[in-house]
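Survey of secondary and tertiary structure
The residues making up each chain are set out below.
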Amino acid sequence: MDERLKVSLSGWQLDNPIIPASGTFGFGYEFTEFYDINILGSIATKGTTRDPRFGNPTPRIAECERGMINAVGLQNPGIDKVISEEFAKLKQVYHKQVVANVSGFSEEEYVECAKKMDAQDIVGILEINISCPNVHGGGMSFGVCPEAAAQITKAVKAVTRKPVYIKLSPNVTDIVAIAKACEEAGADGISMINTLLGARFDLRTGKPIIANVMGGFSGPAIKPVALRMVYQVYEAVKLPIIGIGGIACAEDVIEMMSAGATAVEIGAENLRNPYVCKEIIERLPSLMDELKIEKLSDIIGRAHQ
Ligand SMILES: Cc1cc2nc3c(=O)[nH]c(=O)nc-3n(C[C@H](O)[C@H](O)[C@H](O)COP(=O)(O)O)c2cc1C
């Protein structure tokens, strides 16, 4: 382990800032066939909802230049099975805490999941995905409205002592307003960004490639958008940021941390190269030497100095 890679999120010490992103790394244990997952800073587990979800109809993946669109639809076995089966399997092979990603379609659902996650020792941080539609609010996503984002933040904070990181949607006009609302409502940190809404159409039939028509666009192509948003939010709030979006190599990690991220999550690239997180962790020390970076934590937000 290289001491120079250590970072800390809300008092939680990570060996390095590399975290596979929610939905792209299963519950983690699936990747033990590729490498020892204990080298990771942490793991953001698959989006978990109160009830089991079978996900969206297929096809639900479309390849794009420098990225992909997914409309998986939060397929997961529901929180009780996630805890009793998935976390149980993960604990046998992974000895650190995870970033537990929770999704919901109502305030009550978020609260119920947060309460159950709060009781789990394996959970280091609760990452609240607010990109889902609010079924009691006309289907509009919680993440596009500062009041709704604040409402979910407050409700979750009231039922857990774990740090609460709100995962922001980039599909908004003013991401700073949403981040500020979460900070005022008591969030401990911000994870950003989730996927950008996208679509693709078949050249011969003219029809949508994805059964749901639209899906979440992510991968290297979205990196400049993610960097811009992390930069803006770092300027506006005092919370630690987990930077997400288009990270595919060690250079991208340095760039994202310079913009203001304390740690990073790597998403779509895991699907293209299951070794990417390991490769980044191994490459970082020599890249830091080349760039004359003593400690990774020194560069957090240096773009703003
Ligand atoms: C196949 C797939 C499934 C995803 N599932 C979730 C999820 O369950 N919860 C969530 O908060 N984000 C989910 N995401 C979004 C990622 O965690 C990440 O925020 C986004 O993909 C941007 O990072 P990237 O450009 O490195 O992929 C998913 C992304 C992909 C590609």
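Right, let's walk through the structure included here. (Residues numbered from 1 in each chain as written. Predicted model: local features only at pLDDT ≥ 70, side-chain atom pairs only at ≥ 80, totals over all residues. Heavy atoms only, no water.)

1. Overview of the pairing of strand β9 (residues 189–192)
A regular strand carries its side chains on alternate faces of the sheet. Burial of the side chains of β9 extends over both faces: Gly 189 and Ser 191 are buried on one face and Ile 190 and Met 192 on the other. Relative to β9, strand β8 (residues 164–167) runs parallel, the two being bridged by three bridges. Each bridged residue has a counterpart across the sheet, and for Tyr 165 the counterpart in β9 is Gly 189. For the handedness criterion, the β-α-β arrangement of β8, helix α4 (residues 175–184) and β9 is classed as right-handed. Here three bridges tie β9 to strand β12 (residues 241–244), and the two strands are oriented parallel to one another. Paired with Ser 191 across the bridge in β12 is Ile 242. (Buried < 20%, exposed > 50% of the residue type's maximum accessible area, 1.4 Å probe, protein only. Helix = DSSP H or I, 4+ residues; strand = E, 2+ residues; numbered from the N terminus. Pairing = 2+ DSSP bridges. Right-handed = clockwise from strand over helix to strand, strands pointing away.)

2. Things to note about the nonpolar core
If you look at the biggest cluster of nonpolar residues, it comprises 93 residues, and the most contacted ones within it are Ile 128, Ile 130, Leu 168 and Met 192. Excluding its chain neighbours within four sequence positions, the residues that come into contact with Leu 168 are Ile 130, Ile 175, Ile 178, Ala 179, Cys 182, Ile 190, Ser 191, Met 192, Ile 193 and Asn 194. Membership of the second largest hydrophobic core comes to five residues, among which are Ala 62, Cys 64, Ile 69 and Ile 210. (Core = buried A, V, L, I, M, F, W, Y, C linked by side-chain atoms within 4.5 Å. Contact = heavy atoms within 4.5 Å.)

3. Some details on the sheet that holds strand β10 (residues 196–199)
Spatially, β4-β5-β11-β10 is the arrangement adopted by the four strands of the open sheet, whose pairing is antiparallel. Looking at the sheet topology across the chains shown, the edges are occupied by β4 (61–64) and β10. Each adjacent strand pair in this sheet contributes to an overall mean axis angle of 35°, direction not counted. As defined by bridge partners, strand β5 (residues 67–70) adjoins strand β11 (residues 214–218) across three bridges and the pair is classed as antiparallel. Looking at β11, one finds that Asn 70 is bridged to Gly 216. (Axes fitted to C-alpha atoms, helices over the stretch in contact; angles between N-to-C directions.)

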